[in-house]
Amino acid sequence: MTHVLHIGASPGGADSRSLALADAFLDAWREAHPEDTQETVDVWNLELPEFDASMIAAKFAVLRAQNATAGQRAQWERAVRVSQQFNRADVYVFSVPMWNYGLPYRLKHYIDIVTLPGQNWRWSRDEGYQPLLGGKRAFLMYSSAGDFSEGAVTQYEDFQKPYMRQWLRFLGIETAGEIALAPTLTDPENLARVKEDAIGRARRLAVQG
Ligand SMILES: Cc1cc2nc3c(=O)[nH]c(=O)nc-3n(C[C@H](O)[C@H](O)[C@H](O)COP(=O)(O)O)c2cc1C
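We now turn to the structure provided with this report. All values reported here derive from a predicted model rather than from experimental measurement.

Further remarks concern the overall build of the chain. What the chain contains, in helices and strands, is six helices and seven strands. Each helix (α) and strand (β) of the chain, taken in turn from the N terminus, gives the series β-α-β-α-α-β-α-β-β-β-α-β-α. The C-alpha atoms of the chain give a radius of gyration of 18 Å, which matches the 17 Å a tight globule of 209 residues would have. With respect to the three principal axes, the spread of C-alpha positions in the chain is 60 × 40 × 35 Å.

In this section: the sheet that holds strand S7 (residues 174-181). Spatially, S2-S1-S3-S6-S7 is the arrangement adopted by the five strands of the open sheet, whose pairing is parallel. The open sheet has two edge strands with one neighbour each: strand S2 (37-42) and S7. Along the sheet, successive strands turn relative to each other by an average axial angle of 15°, direction set aside. Pairing between strand S1 (residues 3-8) and strand S3 (residues 91-97): five bridges, direction parallel. In the strand pairing of S3, Val 4 is matched with Val 91.

Residues Leu 21, Phe 25, Phe 94 and Met 141 are the most contacted members of the largest nonpolar core, which totals 51 residues. In this structure, Phe 25 is in contact with Val 93, Phe 139, Met 141, Ala 202, Leu 205 and Ala 206, ignoring residues within four places of it in sequence.

Summarising the element assignment, Leu 171 is placed in helix H5 (residues 161-171). C-alpha of Leu 171 to C-alpha of Gln 119: the two residues are 52 residues apart in sequence and 9.8 Å apart in space. Dropping the residues within four chain positions of it, Leu 171 is found in contact with Asn 120, Trp 121, Pro 131 and Leu 133.

Attention shifts here to the site of the ligand. Around the ligand there are 16 residues in total, and Ser 10, Ser 18, Pro 97, Ala 145 and Gly 146 lie nearest to it. Among the residues making up the shell around the ligand, the classes are represented as six nonpolar, nine polar and one charged.

On to the packing of helix H1 (residues 17-32) against helix H6 (residues 188-208). Where H1 contacts H6, the two axes come as close as 8 Å, and the packing angle between them is 35°. Relative to H6, H1 is oriented so that their crossing is right-handed. In this structure, H1 uses Arg 17, Leu 21, Ala 24, Phe 25, Ala 28, Trp 29 and Ala 32 to contact H6, whose residues at the interface are Lys 195, Ala 198, Ile 199, Ala 202, Arg 203, Leu 205, Ala 206 and Val 207. Each residue belonging to the contact of H1 with H6 can be placed in one class, and the counts come to 12 nonpolar, no polar and three charged.

Moving on, we get to unusual backbone geometry. For the peptide bond that leads from Ala 182 to Pro 183, omega is 0°, which places it in the cis range. As for its placement among the helices and strands, Pro 183 is situated in the loop between S7 and H6. Even without a glycine there, the phi angle at Asn 100 is positive, about 50°. Mapped onto the elements, Asn 100 comes out in the loop between S3 and helix H4 (105-114). Its 9 C-beta neighbours within 10 Å are what place Asn 100 among the exposed residues. Despite not being glycine, Tyr 101 shows a phi value in the positive range, around 70°. Looking at the element boundaries, Tyr 101 is found in the loop between S3 and H4. Judged by C-beta crowding, with 14 C-beta atoms within 10 Å, Tyr 101 ranks as partly exposed.

When you line up the elements, Val 4 lands in strand S1. For Val 4, a count of 22 C-beta atoms within 10 Å translates into the label buried. For the pair formed by Val 4 and Asp 36, sequence separation is 32 residues and the distance between their alpha carbons is 7.1 Å. Among all residues touching Val 4, those that are not within four sequence positions of it are Trp 29, Asp 36, Thr 37, Gln 38, Ala 89, Val 91 and Val 93.

Let us look at the pairing of S7. Two faces, one strand: in a regular strand the side chains alternate between the faces of the sheet. Alignment of strand S6 (residues 137-143) against S7, held across seven bridges, turns out to be parallel. From the neighbouring strand, Arg 137 faces S7, where its bridge partner is Glu 174. Crossover handedness for the path S6 to H5 to S7: right-handed.

Definitions and limits used
- Residues numbered from 1 in each chain as written.
- Predicted model: local features only at pLDDT ≥ 70, side-chain atom pairs only at ≥ 80, totals over all residues.
- Helix = DSSP H or I, 4+ residues; strand = E, 2+ residues; numbered from the N terminus.
- Rg over C-alpha atoms; globule rule 2.2 N^0.38 Å.
- Pairing = 2+ DSSP bridges.
- Axes fitted to C-alpha atoms, helices over the stretch in contact; angles between N-to-C directions.
- Core = buried A, V, L, I, M, F, W, Y, C linked by C-beta atoms within 7 Å.
- Buried ≥ 20, exposed ≤ 12 C-beta atoms within 10 Å, placed from the backbone.
- Contact = placed C-beta atoms within 7 Å.
- Near = placed C-beta within 6 Å.
- Nonpolar A, V, L, I, M, F, W, Y, C, P; charged D, E, K, R; others polar.
- Left-handed = near helix turned anticlockwise from the far one by under 90°.
- Right-handed = clockwise from strand over helix to strand, strands pointing away.

Structure (structure tokens):
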């Protein structure tokens, strides 16, 4: 049995294009793989601890100096719990709107909380950085006002897809498929076509698994 975790990064609710794309993907996945479990994390409604100076001090005290106070251990545990929920999945689905050429800040906050040494990566003098989530796969559902597809003049202005791919690679997660619903800043007829095409591709990708 495969556990599919959807991480929703749009605050747009029913109006969100990236969430609509992910919903189509998840519905098709459910039909094609009824034995699999699905769970959604909405980064806009998740209580995320601050990753500030006191969290960094707690991390150091727990993992390095091993002189953490009870308060520091509890603070670090809050981050570890969010990380462990993330790490339990076998397959990831991300719905990611483009914000200022990159990610919405709540998704970046989530990434900074879940990406923890000893939980999903490790470092040693002999081996350097080692990913701990090898064998897992991710499907990415993007949306943007502009068109940043391969071959477009704006292709290299896109810091959304390269960032997601690199972060996933760091953890050992394979980027198994990407669909972009774009451009959304277009006339209504074209937007309807763009949406229908992207949703069709998301469904086919989910059926292939
Ligand atoms: C704060 C903010 C920043 C945005 N920045 C960009 C951008 O840099 N490039 C772009 O093409 N679209 C940008 N957009 C437009 C969204 O990417 C676009 O509306 C997308 O469809 C939103 O996805 P959603 O409907 O899933 O929320 C931005 C939207 C917001 C709210």
